[in-house]
Amino acid sequence: MSSHFVKRTQDSLGKVIKKPPLTEKLLSKPPFRYLHDIFTEVIRITGFLKGLYTDFEMKSDNVKDKDAKIAFLQKAIDVVMMVSGDSMSVKPARIVAGHEPEKTNELLQAIAKCCLNKLSSDDSVRRVLAGEKTDPKAKAPSSSKSQGKENREKSDEHKRQKDKELEEKNDNGIKDSSRDRKEKEQSRERGKQMDKERDRHKDGDRRERAKEQERDRTRTKEKDQENHKNRGDGERVEKEKNRGTEKVEKDKIRGDGEKDKERSKERERNRD
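Computed from a predicted structure; not experimentally measured.

**Considering the overall build of the chain**
1) Next: If you tally the helices and strands in the chain, you get 8 helices and 0 strands.
2) Next: Taking the intrachain contacts of the chain between residues at least 6 apart in sequence as the baseline, contacts between residues at least 24 apart amount to 65%.
3) Next: Summing over all exposed atoms, the chain offers an accessible surface of approximately 19,600 Å²; the carbon and sulfur share of this is 48%.

Right under this line is the structure:
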C-alpha cells in the first residue's frame, strides 16, 4: 500500500481525533478492532454518526463475528455516502478480510472531511436505521445528493461566517493596534512633558542653591572684614595703651631723676 494514502488519513483524521494512534503500520492494514475504536472516538469527540449504533454495538467485544462486523461497517459507509453526497466502492466484507486498505483509508478520510466541514449526520442516521441503503456501484441517490448539496452549502456558509469573523477580528486587531500606538505615543509625550517639568525644577533648585551659596560667601566675606576691622581697632587701642604706659614710666623716671638732683643739691648745701 502506498504511504500516500496513510499520510492523507493522518493529516485529515489527525485533526479530528487524537486516539487511537494513527500509525502507518495500523493504517496500512487496519484491523476491525482498530476501526471500531476510531468510529467510537469520532462519535465521542464530534457527534458525527451519533445514534447509529446501539450501546451494545459501541463495545468492540460485542462485535466479534463476521456478519456483525460487516453490518457495523456497512451502516457507517451508508451514512457517510448520504452525508457527503459522494459514492464509494469500499466493501465492508473486504475490509473485514483485511483487503483493499486504500479504500478503507478513503472511508476514514471521508469521515474526517465530514467532521471538519461540520456536516450533520442526524438525518442520514435516521434513514439508515429505517432500512434505507445506498448502492456503492451507482452514483449517490438524488436524496443523498440533495443532502450532500445542503451540507456543502452549510459548510460554505460556515466557512464564510468564519472568514467574516476572522476579518472582523483582524479589523479589530488593526484598530486595537492603532489605538495602542496612539496611547503609547500619548504616554511618551506625557513622559517628555514630565521630564521637562522635572528638568525645570532641577534647574530652579540649582539656581537657588547657587544663590544661597553666593549669599553664604558674601556673609562670610563681610564677617571676615568685620573681624579684621575689629582686630585693627584692638591693635590701635593696645598700642595707645602701651604708649600711655611708656609715657607714665618715662614721667616717673624723669620725676625720680629730678628728685635725685634735688636731694643731691640739698646734701651739698648742708656740707657748705
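**What to know about the packing of helix 4 (residues 66–84) against helix 7 (residues 122–129)**
1) Next: The interhelical angle for the contact between helix 4 and helix 7, taken along N-to-C directions, is 135°, at an axis separation of 9 Å. Classified by the interaxial angle, the pair formed by helix 4 and helix 7 is oblique. Crossing geometry of helix 4 relative to helix 7 is assigned as right-handed. The residues of helix 7 that touch helix 4, namely those facing Lys75, Asp78, Val79, Met82 and Val83, are Ser124, Val125, Arg127 and Val128.
2) Next: Here the residues of the contact of helix 4 with helix 7 sort into 5 nonpolar, 1 polar and 3 charged.

**Topic: the environment of Ala76**
1) Next: Residue position: Ala76 is located in helix 4.
2) Next: Between the alpha carbons of Ala76 and Pro92 there is a distance of 9.7 Å; along the sequence they are 16 residues apart.

**Points about the confidence of the model for the chain**
1) Next: Looking at the chain, pLDDT values average 83 and 83% of them are 70 or higher.
2) Next: For the stretch residues 138–146, pLDDT sits under 50, and the model shows 13 contacts to residues farther than four places along the chain or on other chains.

**Brief notes about the side chain of Ser84**
1) Next: Within the secondary structure layout, Ser84 lies in helix 4.
2) Next: Judged by its relative accessible area of 11%, Ser84 falls in the buried class.
3) Next: A polar contact is formed between the side chain of Ser84 and the backbone oxygen of Val80, at a distance of 2.8 Å.
4) Next: Looking at Ser84, its side chain comes within polar contact range of the main-chain nitrogen of Asp86, at 3.2 Å.

**A few points about a positive patch on the surface**
1) Next: A surface patch of like charges, here positive, comprises Lys184, Arg188, Lys192 and Lys196.
2) Next: Following the sequence through the fold, Arg188 ends up in helix 8 (residues 142–271).

**Regarding the pattern of salt bridges**
When charged atoms on two side chains of opposite charge get close, those side chains can pair.
1) Next: Overall, the coordinates contain 14 salt bridges when judged by the stated rule.
2) Next: Here Arg33 ties to Asp61 by a salt bridge, and the two come within 3.8 Å at their closest N and O atoms. Here Asp61 lies in the loop between helix 3 (32–46) and helix 4 and Arg33 lies in helix 3, a separation of 28 residues in the sequence.
3) Next: Residue Glu212 pairs with Arg219 through a salt bridge whose shortest N-O separation is 3.5 Å.
4) Next: Residue classification places Glu212 among the partly exposed positions, given a relative accessible area of 33%.
5) Next: Since its relative accessible area comes to 43%, Arg219 is described here as partly exposed.

**Regarding helix 4**
1) Next: For helix 4, built from 19 residues, the straight-helix expectation of 27 Å at 1.5 Å per residue is met to within 8% by its first-to-last C-alpha distance of 27 Å.
2) Next: Three or more residues of helix 4 are buried, namely Phe72, Leu73, Lys75, Ala76, Ile77, Asp78, Val79, Val80, Met81, Met82, Val83 and Ser84.
3) Next: By the N-cap criterion, in which a side-chain oxygen at the helix start approaches the backbone nitrogen of a residue two or three places on, helix 4 is capped by Asp65, the distance to Asp67 being 3.2 Å.
4) Next: Looking one or two residues past helix 4, Gly85 carries a phi angle of roughly 80°, positive in sign.

**A word on a negative patch on the surface**
1) Next: On the surface, Asp163, Glu165, Glu167 and Glu168 cluster together into a negatively charged patch.
2) Next: Counting through the fold element by element, Asp163 comes out in helix 8.
3) Next: Residue Asp163 is classed as partly exposed on the basis of its relative accessible area, which comes to 42%.

Criteria and thresholds
- Residues numbered from 1 in each chain as written.
- Predicted model: local features only at pLDDT ≥ 70, side-chain atom pairs only at ≥ 80, totals over all residues.
- Heavy atoms only, no water.
- Helix = DSSP H or I, 4+ residues; strand = E, 2+ residues; numbered from the N terminus.
- Contact = heavy atoms within 4.5 Å.
- Areas by Shrake-Rupley, 256 points an atom, 1.4 Å probe, with all protein chains shown as cover.
- Axes fitted to C-alpha atoms, helices over the stretch in contact; angles between N-to-C directions.
- Parallel < 35°, antiparallel > 145°, perpendicular 65-115°, else oblique.
- Left-handed = near helix turned anticlockwise from the far one by under 90°.
- Nonpolar A, V, L, I, M, F, W, Y, C, P; charged D, E, K, R; others polar.
- pLDDT = per-residue confidence, 0-100.
- Buried < 20%, exposed > 50% of the residue type's maximum accessible area, 1.4 Å probe, protein only.
- Polar contact = N/O pair within 3.5 Å; in protein donor to acceptor, adjacent residues only side chain to side chain.
- Patch = residues over 30% accessible without salt bridge, like charges linked within 9 Å, V, L, I, M, F, W, Y side chains within 5 Å.
- Salt bridge = Lys/Arg side-chain N within 4 Å of Asp/Glu carboxyl O.
- Lys, Arg positive; Asp, Glu negative; His and termini not counted.
- Charge placed at Lys NZ, Arg CZ, Asp CG, Glu CD.
- Expected span 1.5 Å × (residues − 1).

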